[in-house]
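Below are the chains, spelled out letter by letter.
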Amino acid sequence: MTVHFIGAGPGDPELLTLKAQRLIASCPVCLYAGSLVPEAVVAGAPEGALVRDTAPLTLEETHALIVEAHAKGQDVARVHSGDPSLYGAIAEQIRLLRRDGIPFDITPGVPAYAAAAAALGQELTVPQVAQSIVLTRMSMQSTAMPAGETLENFAATGATLAIHLGVRALRDIVRRLSPFYGDDCPVVVAIRVGWPDQMILRGRLSDIHAKVREAKVTRTALILVGPALGESQEFPDSALYDPARPHVLRPKARVADQDAPDIARP
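Residues numbered from 1 in each chain as written. Predicted model: local features only at pLDDT ≥ 70, side-chain atom pairs only at ≥ 80, totals over all residues. Heavy atoms only, no water.

A. Seen up close, the sheet that holds strand β8 (residues 186–191). Spatially, the 5 strands line up as an open sheet ordered β6-β7-β10-β8-β9, and their pairing is mixed. Each edge of the open sheet carries a strand with a single partner, namely β6 (133–137) and β9 (199–204). Geometrically, the sheet is characterised by an average inter-axis angle of 20° between neighbouring strands, direction not taken into account. Taken together, the 3 bridges between strand β7 (residues 160–164) and strand β10 (residues 221–225) define a ladder with antiparallel strand orientation. (Pairing = 2+ DSSP bridges. Helix = DSSP H or I, 4+ residues; strand = E, 2+ residues; numbered from the N terminus. Axes fitted to C-alpha atoms, helices over the stretch in contact; angles between N-to-C directions.)

B. Local environment of the environment of L124. The topology assignment puts L124 in the loop between α4 (112–120) and β6. Once residues within four sequence positions are removed from consideration, L124 is found in contact with Y113, A117, A130, I133, T160, A228 and L229. (Contact = heavy atoms within 4.5 Å.)

C. Unusual backbone geometry, seen in detail. Of note, Y87 is a non-glycine position whose phi angle comes to about 55°, a positive value. Tracing the backbone through its elements, the reader meets Y87 in the loop between β4 (76–80) and α3 (91–99). Here Y87 falls in the partly exposed class, since its relative accessible area comes to 40%. A positive phi angle, near 60°, is found at K216, a position not held by glycine. Tracing the backbone shows K216 in the loop between α7 (208–215) and β10. (Buried < 20%, exposed > 50% of the residue type's maximum accessible area, 1.4 Å probe, protein only.)

D. View of the packing of aromatic side chains. A full pass over the atoms with the stated rule returns 1 aromatic pair. The ring centre of W195 lies 4.0 Å from the NZ or CZ of R192, which sits over that ring. (Phe/Tyr/Trp six-rings, centres within 6.5 Å; stacked < 30°, edge-to-face > 60°. Lys NZ or Arg CZ within 6 Å of the ring centre and 35° of its normal.)

E. Summary view of the sheet that holds strand β1 (residues 3–7). On the basis of which strands lie adjacent, the open sheet formed by 5 strands has the order β3-β2-β4-β1-β5 and parallel pairing. Each edge of the sheet is formed by a strand with only one pairing partner; in this case those strands are β3 (50–53) and β5 (104–107). Averaged over all neighbouring strand pairs, the angle between strand axes comes to 15°, with direction disregarded. Two strands pair when backbone bridges link them, and strand β2 (residues 29–32) and β3 are joined in this way by 4 bridges, in the parallel orientation. The partner of V29 across the bridge, within β3, is L50. Contacting β1, β2, β3 and β4, helix α2 (residues 59–72) runs over the sheet at an angle of about 165° to β2.

F. Up close: helix α1 (residues 18–26). If you check which residues of α1 are buried, you get A20, L23 and I24. Taken down its axis, α1 places every buried residue within 100° of arc, on the same side. Along α1, the residues that are exposed and aim more than 90 degrees away from the buried face are L18 and R22. Packing partners of the buried residues in α1 comprise β1, β4 and β5. (Arc of directions from axis to C-beta.)

G. Region of the structure containing the side chain of Q122. Along the chain, the position of Q122 falls in the loop between α4 and β6. For Q122, a relative accessible area of 19% translates into the label buried. Looking at Q122, its side chain comes within polar contact range of the side chain of R202, at 2.3 Å. In this structure Q122 touches A117, R202, A228, L229 and G230, once residues within four positions along its chain are discounted. (Polar contact = N/O pair within 3.5 Å; in protein donor to acceptor, adjacent residues only side chain to side chain.)

H. Geometry of the pattern of salt bridges. Per the stated rule, a full pass over the model turns up 7 salt bridges. Salt-bridge contacts for D172 lead to R176; the nearest nitrogen and oxygen are separated by 3.3 Å. Of the two residues, D172 and R176 are both situated in helix α6 (residues 170–181); the distance of 4 residues between them amounts to about one turn of the helix. Since its relative accessible area comes to 25%, D172 is described here as partly exposed. R176 sits in the buried class, given a relative accessible area of 18%. Connected through shared salt-bridge partners, E152, D172, R175 and R176 make up one network. (Salt bridge = Lys/Arg side-chain N within 4 Å of Asp/Glu carboxyl O.)

I. The arrangement of the environment of G7 in detail. Here G7 shows up in strand β1. Sequence separation between G7 and L86 is 79 residues; the distance between their C-alpha atoms is 9.9 Å. Once residues lying within four places of it in the same chain are set aside, the contact partners of G7 are L16, A20, H80, G82, P84, T107, P108 and G109.

Written out as structure tokens, the structure is:
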């Protein structure tokens, strides 16, 4: 018997990995976080399986279901949104599994920031604009942030910020980030990305709060902030494909076209 922690991705069932689909389809017990994982994701559970939304349950109540499955020798699909390694709340579950000697493994999933970038149709790491992404969150009613992990400290790097659990604190986010990025810095709020009612709001630090209020967004949103989110194409090409820069798979630098000798054509 094994507990399979499964990253369900941002909500679109077609963004499940092949391994995730196979595990969900084979486990007689499927426990999923219904507040963030749509039922369509676990619709592939086998006929007769116990499929339970754990959103209203406590950690101990969820673990009791796993202990019961363990006693019966039944594999468990423990389905979480996005990728379990990021705000998946699996650490405390794993602690209980290890305490009770219950085997487990983890199947990664598509994180929300990657799905948001895909919906935007752009890259988050743009040459000479931003080459780092900071994944962070706001405290709100969740566990307090560790000392030093502040928006101001992250903003000082100029990196692209992906802020989870922050849409209700957007006014405060804008106030704290504007001195570092400037009022004209691009902002994207991706709401329920990957779900049928997905919505993308583009703006700047100066106006994004008003746009979010007008759209009446209060939850399930990811906030992206940084100059790399701009729609302008004014940035240099990556050196990855530069013919003048050799690397291990292209060990010899190529001569620029204008310097190459003429080739006789038939």
